[in-house]
Amino acid sequence: MIAIYPGSFDPITLGHLDIIERGSRLFKQVIVAVLRNPNKTPLFTVEQRLLQIQLCTQHLPNVSVDSFHGLTVEYAQMQQAQVLLRGLRAVSDFEIELQMAHTNKTLSTQIETVFLATSNEYSFLSSSVVKEIARFGGSVDHLVPPHIALDIYKCYNQKSLVSNPTTMAVTPPDEIISMESPKMAVPHQPSE
Ligand SMILES: Nc1ncnc2c1ncn2[C@@H]1O[C@H](COP(=O)(O)OP(=O)(O)OP(=O)(O)O)[C@@H](O)[C@H]1O
Ligand SMILES: CC(C)(COP(=O)(O)O)[C@@H](O)C(=O)NCCC(=O)NCCS
Ligand SMILES: [Mg+2]
């Protein structure tokens, strides 16, 4: 079976990666699909996010990365996928996800939504939380893969906090588009 894992992934976190890895063991193919959403102002462009996700998932041969616009079920049909893969962290997710699953069912009875429960250690983790921590100068090294952390720090004009400074960022610094004023970034104070 082919599964689509749709979302914003702005940016991808270890929580997303956990769902992708577990999904890749359940399905023949998993397509991580980034929505092109003109109504949102993301931190990273769709192209940057595609590259970021590609680098994080290159160890998974049955995972591919793509972008789409319009209805998710139409994209799924185009890819001949039968499943929409989604993650559940909390009751708050459940309400929205159930509504989405029901809506999608009215659009296509052929496509099933499959939920994977978050792994315990990632139950608090979201892209928004990562951005909030980084915006105020905190470390996100434990929340995202190293090259994503570098991209995020560059966006917020912070010095790299990654323990291995030779790690390459996905996107060259001058191509990173920061949606925040660099003046707003608080320099990170490394703890003793
Ligand atoms: N830590 C996590 N554990 C399990 N599933 C997750 C986790 N983070 C996100 N997901 C799931 O991944 C899918 C895509 O989510 P999305 O791109 O909105 O990420 P997010 O972390 O919720 O970002 P945002 O804070 O911008 O909403 C959703 O099904 C969401 O529930
Ligand atoms: C992209 C997403 C899966 C939500 O992603 P998100 O969890 O990153 O907010 C959802 O907004 C979506 O499917 N959008 C495409 C439009 C669509 O198909 N709407 C009907 C289902 S609610
Ligand atoms: Mg979300």
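Basis of the calculations
- The written sequence of each chain sets the order in which its residues are numbered from 1.
- Written order determines the labels here, with chains lettered from A and ligands numbered from 1.
- Confidence filtering applies because this is a predicted model: local features only for residues at pLDDT of at least 70, side-chain atom pairs given and counted only at 80 or more, and all residues used for totals across whole chains, interfaces and linings.
- Side-chain measures were taken over the full set of non-hydrogen atoms in the model, leaving aside hydrogen atoms and water.
- UniProt positions are given in the numbering used here, feature names are shortened, and annotations may be inferred rather than shown by experiment.
- Working definition: residue near molecule or strand if any one of its non-hydrogen atoms lies within 4 Å of it.
- Here a polar contact means two N or O atoms within 3.5 Å. Within protein one must be a hydrogen donor candidate and the other an acceptor candidate, and residues neighboring in sequence count only if both atoms are side-chain atoms.
- Throughout, the Shrake-Rupley method with a 1.4 Å probe supplies accessible areas, and for residues the shown protein chains are the sole cover considered.
- Segments assigned H or I by DSSP are reported as helices when at least four residues long, segments assigned E as strands when at least two residues long, and all are numbered from the N terminus.
- When residues are sorted by character, Ala, Val, Leu, Ile, Met, Phe, Trp, Tyr, Cys and Pro go into the nonpolar class, Asp, Glu, Lys and Arg into the charged class, and all the rest, Gly among them, into the polar class.
- Per-residue accessibility, obtained with a 1.4 Å probe over protein chains only, is compared with the maximum for each type, and a residue is labelled buried under 20%, exposed over 50%, and partly exposed between these values.
- Pairing of aromatic rings covers Phe, Tyr and Trp, the last through its six-membered ring, and needs centres within 6.5 Å; plane angles under 30 degrees mean stacked, over 60 mean edge-to-face, and all others mean tilted.
- For two strands to pair, DSSP has to find at least two bridges joining them.
- Between N-to-C directions, angles cover 0 to 180 degrees, with each direction set by a line fitted to C-alpha atoms, over the stretch in contact for helices.
- By the convention used here, residues are in contact when the closest approach between their heavy atoms is within 4.5 Å.
- Each angle gets one of four labels, with under 35 degrees taken as roughly parallel, over 145 as roughly antiparallel, 65 to 115 as roughly perpendicular, and the rest as oblique.

In the nomenclature of an unreviewed UniProt entry, the chain corresponds to Phosphopantetheine adenylyltransferase from the organism Cuspidothrix issatschenkoi CHARLIE-1. The record in UniProt for the chain states the following under Subunit (unreviewed entry): "Homohexamer." Recorded in UniProt under Cofactor (unreviewed entry), the annotation for the chain is "Mg(2+)".

Enquirer: Help me understand the site of ligand 2 in this model?
Expert: Ligand 2 sits among P6, G7, S8, L35, G70, L71, T72, R86, M100 and N104. In this structure, an oxygen atom belonging to ligand 2 sits 2.5 Å away from a side-chain N or O atom of T72. In this structure, an oxygen atom belonging to ligand 2 sits 2.7 Å away from a side-chain N or O atom of R86. Isolated, ligand 2 exposes 540 Å² of accessible area, and the fraction of that covered by the protein chains is 69%. Only β1 (2-7) and α4 (91-107) provide two or more residues apiece to the shell around ligand 2. When the residues that make up the shell around ligand 2 are grouped by side-chain class, the tally is 4 nonpolar, 5 polar and 1 charged.

Enquirer: Sorry, what's going on with the site of ligand 1 here?
Expert: Taken together, 18 residues sit near ligand 1, with Y5, H16, G87, S127 and S128 positioned nearest. Side-chain polar atom of H16 to an oxygen atom of ligand 1: 2.8 Å apart, as the coordinates give it. Within the backbone of Y122, a nitrogen or oxygen atom sits 2.8 Å from a nitrogen atom of ligand 1. For ligand 1, the protein covers 88% of the area, taking 600 Å² as the surface of the free molecule. Counting residues per element, the ones that place at least two in the shell around ligand 1 are β1, α1 (14-26), β4 (83-88), α4 and α5 (127-135).

Enquirer: Would you mind going over unusual backbone geometry with me for this structure?
Expert: One can expect most non-glycine residues to show negative phi and most peptide bonds to be in trans. For the bond running from D10 to P11, omega is 0°, close enough to zero to count as cis. Backbone geometry places Q80, a non-glycine residue, at a positive phi of 55°. Judged by relative accessible area, which is 60%, Q80 ranks as exposed.

Enquirer: What should I look at first to understand the packing of aromatic side chains in this one?
Expert: The full count for this structure, using the stated rule, is 2 aromatic pairs. Plain terms: the ring middles of F68 and Y75 are 5.0 Å apart, the flat faces sit at 25° to each other, and that makes the pair stacked. Accessibility assignment for this pair places F68 and Y75 in one class, buried.

Enquirer: When you look at the pairing of strand β3 (residues 63-68) in this model, what are you seeing that I'm missing?
Expert: Both faces of the sheet carry side chains from a regular strand, because those side chains alternate between them. Across 6 bridges, the pairing between strand β2 (residues 29-35) and β3 is parallel. Note on β3: the bridge partner recorded for A33 is D66.

Enquirer: Would you mind going over the sheet that holds β3 with me for this structure?
Expert: Strands belonging to one sheet form pairs held by backbone hydrogen bonds; the direction of such a pair is parallel or antiparallel. As summarised here, the arrangement of the 5 strands in space is β3-β2-β1-β4-β5, forming an open sheet in which the pairing is parallel. Two strands lie at the open edges of the sheet, namely β3 and β5 (112-117), each paired on one side alone. Pairwise comparison of adjacent strand axes, ignoring direction, gives a mean angle of 30° for this sheet. The sheet strands contacting α1 are β1, β2, β3, β4 and β5, and the helix crosses β5 at an angle near 120°.

Enquirer: Help me understand the pairing of β5 in this model?
Expert: Here β4 runs beside β5; their pairing, made up of 6 bridges, is parallel. Considered in β5, the bridge of L85 is made with V114.

Enquirer: So what exactly am I meant to see when it comes to the packing of helix α2 (residues 46-57) against helix α6 (residues 146-155) here?
Expert: Between two packed helices, both the angle of their axes relative to each other and the distance between the axes serve to describe the pair. Running from N to C, α2 and α6 cross one another at 155°; their axes reach a closest spacing of 9 Å. By the angle between their axes, α2 is roughly antiparallel relative to α6. Residues Q52, L55 and C56 of α2 form the contact with α6, whose own contacting residues are H147, I148 and D151. Grouping the amino acids of the contact of α2 with α6 by side-chain chemistry returns 3 nonpolar, 2 polar and 1 charged.

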